[in-house]
Structure formats: C-alpha cells, structure tokens
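An overview of the molecular structure
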Amino acid sequence: MTDAVAPAMAYILAAGLDVAVTYEEGGGVAGPGMPLPGLAPNTVVFRVDEDGYQVKAGAVKITPTTNLLNNANPWVALRVQNLNIPKGATIQDAHLEVKCATYDDPKALIYCQDSSSPAALSTATTNISGRTLTATSTNWTASNIGVGTTTYRNSVSFAPQVQAVIGRDDWVQATSDLVVILSNITGGNLKFYSGNSGTAN
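In every chain, residue numbers begin from 1 and rise along the written sequence. Only residues with pLDDT of 70 or above have their local features reported here, since the model is predicted, and side-chain atom pairs are shown and tallied only from 80 upward, although totals for entire chains, interfaces and linings are computed over all residues. Water and hydrogen atoms play no part in the side-chain values, which are based on all heavy atoms of the structure.

1. Digging into the overall build of the chain
Secondary structure is summarised from DSSP: a helix means a run of H or I of at least four residues, a strand means a run of E of at least two, and numbering begins at the N terminus for each. In terms of helices and strands, the chain carries 1 helix and 15 strands. The cut-offs for exposure are 20% and 50% of the maximum accessible area for each residue type, with area from a 1.4 Å probe on protein chains only; residues under the lower value are buried, those over the upper are exposed, and the others partly exposed. For the chain, buried positions account for 52% of its 201 residues. Contacts spanning at least 24 positions in sequence make up 77% of the contacts within the chain whose residues lie at least 6 apart. Each accessible area is a Shrake-Rupley estimate made with a 1.4 Å probe; only the visible protein chains count as cover when residues are assessed. A total of about 8,200 Å² of accessible surface is found on the chain, and carbon and sulfur atoms cover 50% of it. What makes two residues a contact is simply this: any of their non-hydrogen atoms within 4.5 Å.

2. A look at the sheet that holds strand β7 (residues 66–70)
Any two strands between which DSSP finds at least two bridges are classified as paired. Within the open sheet, the 3 strands sit side by side as β7-β15-β10. Their pairing is antiparallel. Whereas interior strands pair on both sides, the edge strands pair on one side only; in this sheet they are β7 and β10 (100–105). On average, each strand axis in the sheet is tilted by 20 degrees relative to the strand beside it, whichever way the strands run. Pairing of β10 with strand β15 (residues 189–193) involves 3 bridges; the strand directions are antiparallel. To define axes, lines are fitted to C-alpha atoms, for helices over the stretch in contact only, and angles between the resulting N-to-C directions are given on a 0 to 180 degree scale.

3. Considerations on the pairing of strand β5 (residues 50–54)
Across the 5 residues of β5, 5 count as buried, placing the element largely inside the fold. Every second residue of β5 is oriented toward a common face, with E50, G52 and Q54 on one face and D51 and Y53 on the other, all of them buried. Strand direction decides the pairing type here: β5 and strand β8 (residues 75–80), joined by 5 bridges, are antiparallel. Bridge pairing in β8 links Y53 to V76.

4. Here we look at the sheet that holds β5
The strand order β6-β5-β8-β14-β11-β12 describes an open sheet built from 6 strands, whose pairing is antiparallel. The sheet is open, and its two edges are formed by β6 (60–62) and β12 (138–141), each paired on a single side. The mean angle between the axes of side-by-side strands here comes to 20 degrees, regardless of whether they run parallel or antiparallel. Across the sheet, helix α1 (residues 159–166) lies against β11 (107–112), β12 and β14 (178–184), angled at about 20 degrees from β11, the strand it touches most.

5. Some thoughts on the environment of V60
Here V60 shows up in strand β6. Taking the C-alpha atoms as reference, V60 lies 4.8 Å from T123; in sequence the two are 63 residues apart.

6. Brief notes about the pattern of salt bridges
Oppositely charged side chains may form a pair once their charged atoms are brought near each other. Basic side-chain nitrogens of Lys or Arg form a salt bridge, by our definition, when they fall within 4 Å of a carboxyl oxygen of Asp or Glu. Scanning the entire structure with this criterion turns up 4 salt bridges. Of the charged contacts in the structure, one is a salt bridge between D170 and R168, with a shortest N-O distance of 2.9 Å. Taking relative accessible area as the criterion, D170 reaches 37% and is therefore assigned partly exposed. By sharing partners, the salt bridges in this structure join E50, R79 and D177 into a single network.

These values are about where atoms sit, not about what they do.
In structure tokens form, the structure reads like this:
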C-alpha cells in the first residue's frame, strides 16, 4: 500500500483519509510526525491508527473498508496516537481529507474527544457516541464534493476543536493521542474509504 501525500500540506494518513494539522509555537521545535520536504517545519504527517463508525442502534464497526456517515450510521471516529505537538501550540489548521465512495454529501458536526489519553476504539455498544466531546464543534455541510479513489476532498477546518485538546493541562507532547469524531446531521450522506481499504491508495 502506498500513502498519498499532497505536496503543499501534511496529513494524518490512513490510506483513504487524512487529517491535516498545521501549528505554530515559539520554541522552534520541529513539527510532529514526519516532516516533508518543502513544507514549513510545523507542517507534518501523522498516520491514523484506527477508524470506525457507529450505527444508529449503537453497534460499532472497527477497521471497515469504508466508513459511513448518514442517518443510519450517525457517528465516525478516527484515532491517532503519540502526537508530537507541544502543549499550548497554536493550531492554525486541522481538516479531514477523504476519498469518497458512492456518497459525497457530508452534513456533520466535527468534534474531538475531550481527552489527552482517549481509549482505543472498540466494538462496545456506543463506544463512539459515548465519549466526552469538546464543548464546541465545527459544521461541515457540502454537496457533491466528488467521488473517486484518486482525489482527496477537504473538510472545513476544525482547528478550534484540536486546539481545545492540545491546550489541556494533561496534554503530553509525543505521548498524548487525538480522536476526531463526526456526528451526522439529518440528511447527510458520506461514504469514504478507511485506512483498511487498498482501493483508496
């Protein structure tokens, strides 16, 4: 499998989806993850360690080929571990990039889990919706963003939600984890390749 990386940004990579995080801090420390040639020092790459979605009744699907976000499957989560971002760094941008399969009309609220040490995703009932969310969310509503396995599609930036987690007193650089959670708004319909799909490469 070959990870696709855009030339002017750095992403949390999971074959079919990415989460981009750009930040700045005053100490001149190199950015988290894997620096890429030609990018600013604090624009870097992470790999999503796991993802999954939750059906309306509460069952959770981990390591699917595709993630579904719609009325019948109202929750999606993505987890990345050991973010090497300094506590209190200013998050300039954080956005999802997805390769859509069949459905490309996102209508969702983007949160992060309000924790510096979130548990791994599991198939326990309501494992995604039962997590403590950040106090605010960002609305991502769009239509026909594009279907296909070759082009990533951007979400809106949810930097404030990442900022809330990075700013926690218990955040530990290079040790703490981040879980991004999408909550469907009625009428949304998004299906995108997960990190477990070779199709998305």
